[in-house]
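# Inside the fold
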Amino acid sequence: VKALKCFSCGSPLEIPDLNAESMSCQYCGSNLDLTLRRVSCPGCGATVPVQGGDSAGSVVCSHCRSQLDISSEEPSVLGSLTSKARPRIPFKIGQECNLRGQNYRIAGHIRFSEIDEGQYYHADELLLFSKKAGYKWLILEDGNFSLSQELTQRPTTITPLYASQKQKFHFDGREWTVFDTGSSKITWVDGELPWVAELGDSTAYMDAINPPYTLTAEWAKEEMEWYQAEFIAREEIAKAFKMSESQLPYVPGVAPNQPFLTTPFRRQSSLVMAGFAGLFLLFVLWSLVKMGRKCANLDFSTKLYSEEY
């Protein structure tokens with residue numbers, strides 16, 4: 001308690017009550033949750049809070065930008081992120097939201113990147129933490145969002161390592177279609193993560209879809225994890241984070257797990273087009289069955305052609 005420092009500014013704290021669960025820093029005014037697990041950064045000595053407690057495997061010190069391995073009793077430095085540029089996304093560590101009736105705080109951020117057929121792709125995964133709901137992942141890819149959670153039960157009717165595109169299989173009462181397979185590398189980490197992840201780590205994956213859901217297998221070496229994600233509309237994300245939709249990233253296309261929504265305009269347009277199609281069909285049938293009317297007899301001879309200039 002004597003060595004406890006502010007999570008935000010690093011100033012030494014004067015604890016008014018040893019049994020207190022929270023307090024405000026006397027220097028920067030930050031609200032601090034004293035019930036969180038705390039580790040001391042070997043690099044700078046700052047106190048680093050861990051939202052997920054013993055479930056976390058690594059965390060980034062917000063003061064010196066050192067990435068720490070906290071999977072063992074004594075924290076150790078994995079590397080430094082001071083030379084890395086932070087990805088430009090409208091979210092940050094510690095930001096709060098209310099999503100699907102649950103309060104979350106962004107505890108971590110990881111970016112996976114890959115090059116496929118000469119094109120660069122990346123996906124940002126934000127680790128959301130709630131004391132009631134635990135960890136969930138908010139995935140941001142090409143401006144589209146999905147909420148993902150690790151599965152305890154896993155499919156047994158497919159082997160992701162040998163899966164091929166458009167391959168179908170059944171799991172959890174749904175038919176899934178393999179959408180994509182490949183591998184990606186970690187190019188950014190921040191905050192805390194439930195495993196020890198380092199820059200440059202490579203991960204293979206398989207994505208299968210059944211809109212609005214995505215089933216993903218991720219593996220490296222001898223470990224494999226399964227996740228199920230659900231597509232979330234931008235309006236819901238903006239409302240959850242109390243942002244405007246204009247602050248969210250641009251959407252260049254449709255997400256693989258995005259459901260096809262039938263709007264009133266589309267329904268009315270379909271009815272109008274169906275009406276015109278039926279009308280054209282009646283005209284065709286009428287022209288086929290209607291008897292023609294003789295207008296004239298025309299006779300042509302070769303002489304008429306030879307006299308033509």
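Here, the structure is the one placed above.
Here the structure is a predicted model, which is why all the values come from computation and not from measurement.

As a further point, take the packing of aromatic side chains. All told, the structure shown has five aromatic pairs when counted by the stated rule. Seen from their ring centres, Trp137 and Trp195 are 5.8 Å apart, and the 45° between their planes marks the pair as tilted. Of the two residues, Trp137 is situated in strand β11 (residues 134–141) and Trp195 in the loop between β14 (174–193) and β15 (202–210); the sequence distance between them amounts to 58 residues. For Trp137, a relative accessible area of 6% translates into the label buried. A relative accessible area of 25% means that Trp195 is categorised as partly exposed. Measuring from ring centre to ring centre gives 6.3 Å for Phe276 and Phe280, while their planes differ by 35°; the resulting arrangement is tilted. With Phe276 and Phe280 both in helix α2 (residues 264–289) and four residues apart, the pair spans about one turn of that helix. Judged by relative accessible area, Phe276 falls into the partly exposed class, the value being 46%. Judged by its relative accessible area of 53%, Phe280 is exposed. Through a chain of ring-to-ring contacts, the aromatic side chains of Phe91, Phe145 and Phe241 assemble into a single cluster. A cation over a ring is seen here: Arg174 above Tyr213, with NZ or CZ 4.2 Å from the ring centre.

What counts, and at which threshold
- Residues numbered from 1 in each chain as written.
- Predicted model: local features only at pLDDT ≥ 70, side-chain atom pairs only at ≥ 80, totals over all residues.
- Heavy atoms only, no water.
- Phe/Tyr/Trp six-rings, centres within 6.5 Å; stacked < 30°, edge-to-face > 60°.
- Helix = DSSP H or I, 4+ residues; strand = E, 2+ residues; numbered from the N terminus.
- Buried < 20%, exposed > 50% of the residue type's maximum accessible area, 1.4 Å probe, protein only.
- Lys NZ or Arg CZ within 6 Å of the ring centre and 35° of its normal.

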